[in-house]
Amino acid sequence: MKTTTILKGGRVIDPANGVDGVQDVVIVDGRIERVGGAGPMPKGADVIDVAGKVVCPGFIDIHVHLREPGFEYKETVASGTRAAAAGGFTAVACMANTQPVNDNRSITDYILAKARSEGVVRVYPIGAVSRGLEGKVLSEMAELAEAGCVAFSDDGKCVMDANLYRRAMEYTLPFGTPVISHAEDCSLAHGAAMHEGVVSTELGIPGAPAAAEDVMVARDILLAEMTGAHVHIAHLSTATAVRLVREAKARGVRVTAEATPHHLVLTDEAVRSFDGNTKMNPPLRGTRDADAVLEGLIDGTIDCIATDHAPHATSEKEGEFDHAAFGIVGLETAVAVLLDRLVRPGTLALPTLVARLSADPARLLNLPGGSLAPGAAADVTVLDLDARVTVDPKQFRSKSRNTPFAGWQLTGAPVMTIVGGAVVKV
Amino acid sequence: MAWTRKDLLTMRDLDAAEITLLVDSAASLEEIASREIKKVPALRGKTIVNLFYENSTRTRTSFEIAGKWLSADVINFSASGSSAAKGESFLDTAKNIEAMSPDVVVVRHSSSGASEILARAMRCSIVNAGDGCHEHPTQALLDLLTIRERKGHLEGLQVAIVGDIAHSRVARSNIHAMRKLGMTVTVAGPPTLIPPFVGELGVKVSHRLEDAIRDVDVIMMLRLQQERMTGGLIPSLREYSRYWGLTLDKLAAHARPDVLIMHPGPVNRGVELSPEVADGPYSVILDQVAKGVAVRMAVLVLLAGSKAAQA
């Protein structure tokens, strides 16, 4: 007996297949049967009325920190994937800076086992480039790729040794996995707690200049050009880095990039509150940078949106600003923030946002998903553009509450997350 | 004009009228220092906690004397090193102190924004006695009082602030206050000690001492921290003092004869100031220290008094 679900009457936006219109989505046994068309309505189908809502391929966040193993007080695979589902994401790629580091197969296996037993969305591990994230010796990347790592990154730290990074690019070429660059020259950013600009000058907080990011983006583009590898720039945040990526793409370099919601809608002005939840790395930049990142997202220089979901306990964020940990949670606020702040005013077209959250990230990491093509796994995100929500960290499924968006009143939100044809209960 | 704020955190927050009120109030309290019995009952029954996370002799003593002359009970709470090093979190310490019902907490901390964080967490009044490289509002107030008494006015005066601007909370508080009061400010030092984009705060920037001190009414020299060399910001103390140290020769050659020399202390003699300048006729450094007590009395009265008025 087949299980059939029909998402009825919604506006389907499926960028990978050029679909944008009111269609019914028919799901059979966890796979997309068809979108639209006049086929017979199967008997006994479970019909979900999504009239007035937007039906998209399941959103994919290729940059999250699930913190397990090692930092279960911040987040676990169970809580992090629930946060993802609550925020409209059907898949996440998780970074390697766990404890122990995901630099060997046993950790990858552990994460995937946790994801199978406790996760509610798909989990794709990202392996470490260097053993222990120490930037000295390559991790066992062939075995990590075989175990299921979809990319390699020392995210959270930059690989300062250019030769090691070159070798990582070369070594991973046969696997088809990109290296993901946390582009930060740590000598230029040494001691910094925010972006270097007039605000850091006024606040007397040491700043990281935009150049700390730019020089590494430039380096990694040159290395990608030399090796032919695919380098993906994580959390790109400066105007110059946007320009460097744009120019490199025009030359045919295999470089891609992501931007976070917070770098799109916040600037370093937010740090004036001395709220530890405005502290992350890369830091909130100036208006000119935020504008350039948005422009890059619109014109495709920046390929996708990723949250850099970085859970931390309240005690790690609430004290003195310079002692606060870097990073904020993002899974449960990203889509609503972007719908309200970018789509609703008309700055960003809804189909572009959907593409940057689904088809584009799937393409970058060669992931299944990001498409509602017949036969694809039925991972679906449903949006209600009229839903009014107030960000309340106490309601988060994440174990952590470190968001700069607390109290924001937003219009537009994800309202249903379907993984493999089943609605995820969050 | 009446004081309405719960806290004194920054000069950036204040408008010109508020700054003037504080300076006027301090001027009216100055004479207490010359009384035979230095005690007025203004804050009798009030409790002031000096919460100092950074070593400080001058500022802590100044606040302590100010509180005592006003008849408040003053408690010194020294937390050596950072709160993290001590084991108890900054906010836990704040909550513990709050449980003892102080009226005013005076906080000095190495982290920028520490006083703002306390002000949000505590119901009592907070006075920022210096937070990181951010602000030191009572220092700016005592500088203004010192200048006004010597020059008779503030508006239109030209001030050069010289030295490590990048790491100076004194410079930041003075820049904000002086700009609001219609004074002209030039910051001067080697480019590595001038913070980026400081021109956007409405100041001029000079990279040559001789240019910076020409024709100004006030020269404010800042202390050079020894650790700036290890940070790669200057090559040596020797080179710094050669180009940025203020000597009588440089003063005679470039400065006005009625210029005031100020320094927030403690002075590195022979580095930013030659001993002859520090002790010389232009120097008003000890005047600044004396006025510091009056300024802190004024701040405490306005904060603790305004709350009493509301009650």
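In this text, all values refer to a predicted model and were calculated from it rather than measured experimentally.

Asker: Would you explain the overall build of chain A in this entry?
Answerer: The helix and strand tally for chain A stands at 12 helices and 17 strands. Over its C-alpha trace chain A gives a radius of gyration of 21 Å, about what one expects of a compact globule, namely 22 Å for 426 residues. Seen through its C-alpha atoms, chain A measures out along the principal axes to roughly 65 × 45 × 45 Å. Among the 426 residues that make up chain A, the fraction classed as buried is 62%. A separation of at least 24 residues holds for 76% of the contacts in chain A among residues at least 6 apart in sequence.

Asker: Which parts of the structure should I look at to understand the overall build of chain B?
Answerer: For chain B, the count of helices and strands is 12 helices and nine strands. The C-alpha atoms of chain B give 19 Å as radius of gyration, which agrees with the globular expectation for 311 residues (19 Å, within 12%). Principal axes of the C-alpha set define a box for chain B whose edges measure 55 × 45 × 35 Å. Taken across its 311 residues, chain B has 49% of its residues classed as buried. Intrachain contacts of chain B at a sequence separation of at least 6 include 74% that bridge at least 24 residues.

Asker: What is the right way to look at helix H4 (residues 162–172) of chain A in this model?
Answerer: The periodicity of an α-helix, 3.6 residues per turn, causes residues three or four positions apart to be oriented the same way. Residue and element names in this part refer to chain A. Those residues of H4 that sit buried are Tyr165, Ala168, Met169 and Thr172. One side of H4 holds all its buried residues, which, seen down the axis, span an arc of 95 degrees. Buried residues belonging to H4 abut helix H3 (141–147), strand E9 (179–181), helix H6 (210–227) and strand E12 (231–233).

Asker: Got a minute to help me understand the sheet that holds strand E8 (residues 122–125) of chain A in this structure?
Answerer: Either a parallel or an antiparallel arrangement is found when strands of a sheet pair, and the pairing is made through backbone hydrogen bonds. Residues and elements named next belong to chain A. Taken together, the three strands give an open sheet; going across it, the order is E6-E7-E8, and neighbouring strands pair in parallel fashion. Two strands lie at the open edges of the sheet, namely strand E6 (59–64) and E8, each paired on one side alone. Pairwise comparison of adjacent strand axes, ignoring direction, gives a mean angle of 20 degrees for this sheet. Bridge count for strand E7 (residues 89–94) against E8 is four bridges, and the pairing is parallel. The partner of Cys94 across the bridge, within E8, is Pro125.

Asker: Would you explain the pairing of strand E1 (residues 47–52) of chain B in this entry?
Answerer: In the case of a regular strand, side chains alternate between the two sheet surfaces. All names here are of chain B. Where burial is concerned, most of E1 is hidden: five out of the six residues are buried. Sheet topology places E1 next to strand E2 (residues 73–78); six bridges connect them, and they run parallel. The residue of E2 that forms the bridge with Thr47 is Asp73. Between the parallel elements E1 and E2, the chain passes through helix H2 (residues 58–69) in a crossover that is right-handed. Summarising the sheet, E1 and strand E3 (residues 104–109) pair through five bridges and their orientation is parallel.

Asker: Explanation requested: helix H1 (residues 77–86) of chain A in the structure shown.
Answerer: Residues and elements named next belong to chain A. With nine of 10 residues buried, H1 lies mostly within the body of the structure. Inspection of H1 places Val77, Ser79, Gly80, Thr81, Arg82, Ala83, Ala84, Ala85 and Ala86 among the buried residues, and these make up the whole buried set. Buried positions along H1 lie against E6, E7, helix H2 (105–118), E8 and strand E16 (409–419). Where H1 terminates, the next one or two residues include Gly88, which has phi positive at roughly 95 degrees.

Asker: Explanation requested: the interface of chain B and chain A in the structure shown.
Answerer: How big an interface is tends to be stated in terms of the accessible area lost upon association of its parts. Taken together, the 22 residues of chain B in the interface contact 16 residues of chain A. Of all elements in the fold, only helix H3 (83–86), helix H4 (90–98), helix H5 (114–121) and helix H7 (169–180) of chain B reach the threshold of two or more residues within the side of chain B that touches chain A. The leading source of residues in the side of chain B that touches chain A is H5(B), at three residues. Considering only residue class, the side of chain B that touches chain A consists of 11 nonpolar, seven polar and four charged.

Asker: Explain the sheet that holds strand E13 (residues 255–259) of chain A here, please?
Answerer: All names here are of chain A. What the four strands build is an open sheet, ordered E9-E12-E13-E14; its pairing is parallel. Looking at the sheet topology across the chains shown, the edges are occupied by E9 and strand E14 (304–305). In this structure, E9 lies alongside E12, joined through three bridges in parallel fashion. Within E12, the residue paired with Ile180 across the bridge is His232.

Asker: Looking at this model, I keep getting lost on the domain arrangement of chain B. Mind explaining?
Answerer: Residues and elements named next belong to chain B. Examined at the domain level, chain B breaks down into domain 1 (16–136 + 292–303) and domain 2 (137–288). The gap between the C-alpha centroids of domain 1 and domain 2 is 25 Å. Residue-level contacts link 21 residues of domain 1 with 20 residues of domain 2. Of all the secondary structure elements, the ones that give two or more residues to the side of domain 1 that touches domain 2 are helix H1 (16–29), strand E4 (125–131) and helix H12 (285–310).

Parameters at a glance
- Counting from 1, residues in each chain are numbered in the order their sequence is written.
- Key to labels: chains lettered from A, ligands numbered from 1, both in the order written.
- Predicted model: local features are reported for residues with pLDDT of at least 70 only, side-chain atom pairs are reported and counted for 80 or more only, and whole-chain, interface and lining totals are derived from all residues.
- For the purposes of this entry, the term helix denotes a DSSP run of H or I that reaches at least four residues, the term strand denotes a run of E that reaches at least two, and both are numbered from the N terminus.
- Between the two quantities, the radius of gyration covers C-alpha atoms and the globule rule is 2.2 Å times the number of residues to the power 0.38.
- Any residue surrounded by 20 or more other C-beta atoms within 10 Å of its C-beta is treated as buried, while 12 or fewer makes it exposed and the intermediate range makes it partly exposed; C-beta atoms here are placed from the backbone.
- Here, residues touch in the contact sense if the C-beta positions derived from the backbone fall within 7 Å of one another.
- Taken from the helix axis, the directions to the C-beta atoms give the arc we talk about.
- What makes two strands pair is DSSP finding at least two bridges between them.
- Only the stretch in contact is used when a helix axis is fitted, and all axes are lines through C-alpha atoms; the angle between N-to-C directions ranges over 0 to 180 degrees.
- The definition of a right-handed crossover adopted here requires that, viewed with the strands pointing away, the path from the first strand over the helix to the second runs clockwise.
- Amino acid classes used here: Ala, Val, Leu, Ile, Met, Phe, Trp, Tyr, Cys and Pro are nonpolar; Asp, Glu, Lys and Arg are charged; the rest, including Gly, are polar.
- Note that the domain bounds reflect an automated or database-derived domain assignment.

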